[in-house]
Amino acid sequence: MTDYSQLRLLAIHAHPDDESSKGAATMAHYAQLGARVMVATCTGGERGSILNAEMEGDVWAERDLPGLRRHEMAAAAKALGVEHRWIGFTDSGLPEGDPLPPLPWGCFALQPLERAAAPVVQLVREFRPHVILSYDENGGYPHPDHIQTHNVAMEAYQRAGDPEAYPGTGEPWTPSKLYYDRAFNVERFIALHEALEARGLQSPYAQRIAAIQESDPEGHRPPMPRHETTTKIECAHQFTVRDAALSSHRTQVDPKGLFFAVSAETQAEVWPWEDYTLADSRVETSLPETDLFAGVTDAASTPRK
């Protein structure tokens, strides 16, 4: 039996609330098993908006949304039972329009890679995670901060163990495994959609599924995604914890919205996992996996000499 008390997991996210909508039940699962779990949030979400209609008119939210989001993040981390670290960059915002406007000066997405990655490399060398979770090259979805978060996570994973890289940021540490989160994978939405329809219930995913299949006039299932699932973590017992963390982000998450449209009990019955792609491993493992730490021992990741 694995002794998780000696293992460490680092999830690198773009904004406060991303940790609760992507891999939250997984993190709570491993924290409960005794592993040290940390979320690193690259920006403060300063350019976000109030996305929950129930919070419109709230004095704190309208006068100091960034400050309130820090409190929301603290509540979410407490709900999940994880540690948290702010990396300290400024939210880039989501550009809209045609043509798209330029990104704001000084924002996270415009930082040179080494400048953006340096504090994350320092955190990796301090926290010494065996496993890192983040986004794929599309950022999970193409928000500029999510794409930059992918770049930073890759750089930290690849170079934190190099003693000649990033001088002055601590003793080298080489993580063992890197995963891409697949929280919004099409397979999950289809499974939930079909299960609800089979029960005679209205599916909140019908419009999403129809849009996915629009390109195929015969209504075939969509093509395989860019990255396939390699690793499924059974964590349905933490879905209510995940929902509590999501609810902590009350300026960002509508309690009547899509995240809560299907009960935790139904999700646990239909899709009791959170899904990941193993992007790289420095230890031996076999696919498919059911444990992010498969193949990892505490001695597996050590500073390079």
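Remember, predicted model here, so these are calculated numbers, not experimental data.

Reading guide: rules and limits
- Residues numbered from 1 in each chain as written.
- Predicted model: local features only at pLDDT ≥ 70, side-chain atom pairs only at ≥ 80, totals over all residues.
- Heavy atoms only, no water.
- Core = buried A, V, L, I, M, F, W, Y, C linked by side-chain atoms within 4.5 Å.
- Buried < 20%, exposed > 50% of the residue type's maximum accessible area, 1.4 Å probe, protein only.
- Helix = DSSP H or I, 4+ residues; strand = E, 2+ residues; numbered from the N terminus.
- Contact = heavy atoms within 4.5 Å.
- Pairing = 2+ DSSP bridges.
- Axes fitted to C-alpha atoms, helices over the stretch in contact; angles between N-to-C directions.
- Parallel < 35°, antiparallel > 145°, perpendicular 65-115°, else oblique.
- Left-handed = near helix turned anticlockwise from the far one by under 90°.
- Nonpolar A, V, L, I, M, F, W, Y, C, P; charged D, E, K, R; others polar.

1. Regarding the nonpolar core
One finds L9, M27, Y30, L133, L292 and F293 to be the most contacted residues of the largest nonpolar core, which totals 31 residues. The set of elements that each furnish at least two residues to this core consists of β1 (8-13), α2 (24-33), β2 (36-43), α4 (65-80), β4 (131-134), α9 (239-248) and β7 (273-281). Looking at which element gives the most residues to this core, the answer is α2, with five residues. Those residues in contact with F293, other than ones at most four positions away along the chain, are Y4, L7, R8, L9, Y30, H130, V131 and K177. Ranked by size, the runner-up nonpolar core spans 27 residues in total, among them L10, V120, I132 and V152.

2. Comments concerning the pairing of β7
In terms of strand pairing, strand β5 (residues 177-181) meets β7 through five bridges, oriented antiparallel. Among the inter-strand pairings, Y179 is bridged to a residue of β7, identified as L278. Here strand β6 (residues 231-234) runs beside β7; their pairing, made up of four bridges, is antiparallel. Note on β7: the bridge partner recorded for K232 is D275.

3. Considering the packing of helix α5 (residues 113-127) against helix α6 (residues 144-159)
Interhelical geometry of α5 versus α6 gives an angle of 55° and a closest axis separation of 8 Å. Between α5 and α6, the angle is such that the two are oblique. Classified by chirality, the crossing of α6 by α5 is right-handed. Facing α5, whose interface residues are L113, E114, A116, A117, V120, V121, V124 and R125, α6 presents Q148, N151, V152, E155, A156 and R159. Here the contact of α5 with α6 is composed, by residue class, of eight nonpolar, two polar and four charged.

4. Observations concerning the pairing of β2
Taking burial as the measure, the eight residues of β2 include seven buried ones, the bulk of the element. Two strands pair when backbone bridges link them, and β1 and β2 are joined in this way by six bridges, in the parallel orientation. Following the sheet pairing, A11 is matched in β2 by V39. Sheet topology places β2 next to strand β3 (residues 83-89); five bridges connect them, and they run parallel. If you follow A40 over to β3, its bridge partner there is R85.

As far as function goes, none of this settles anything; it's purely spatial.
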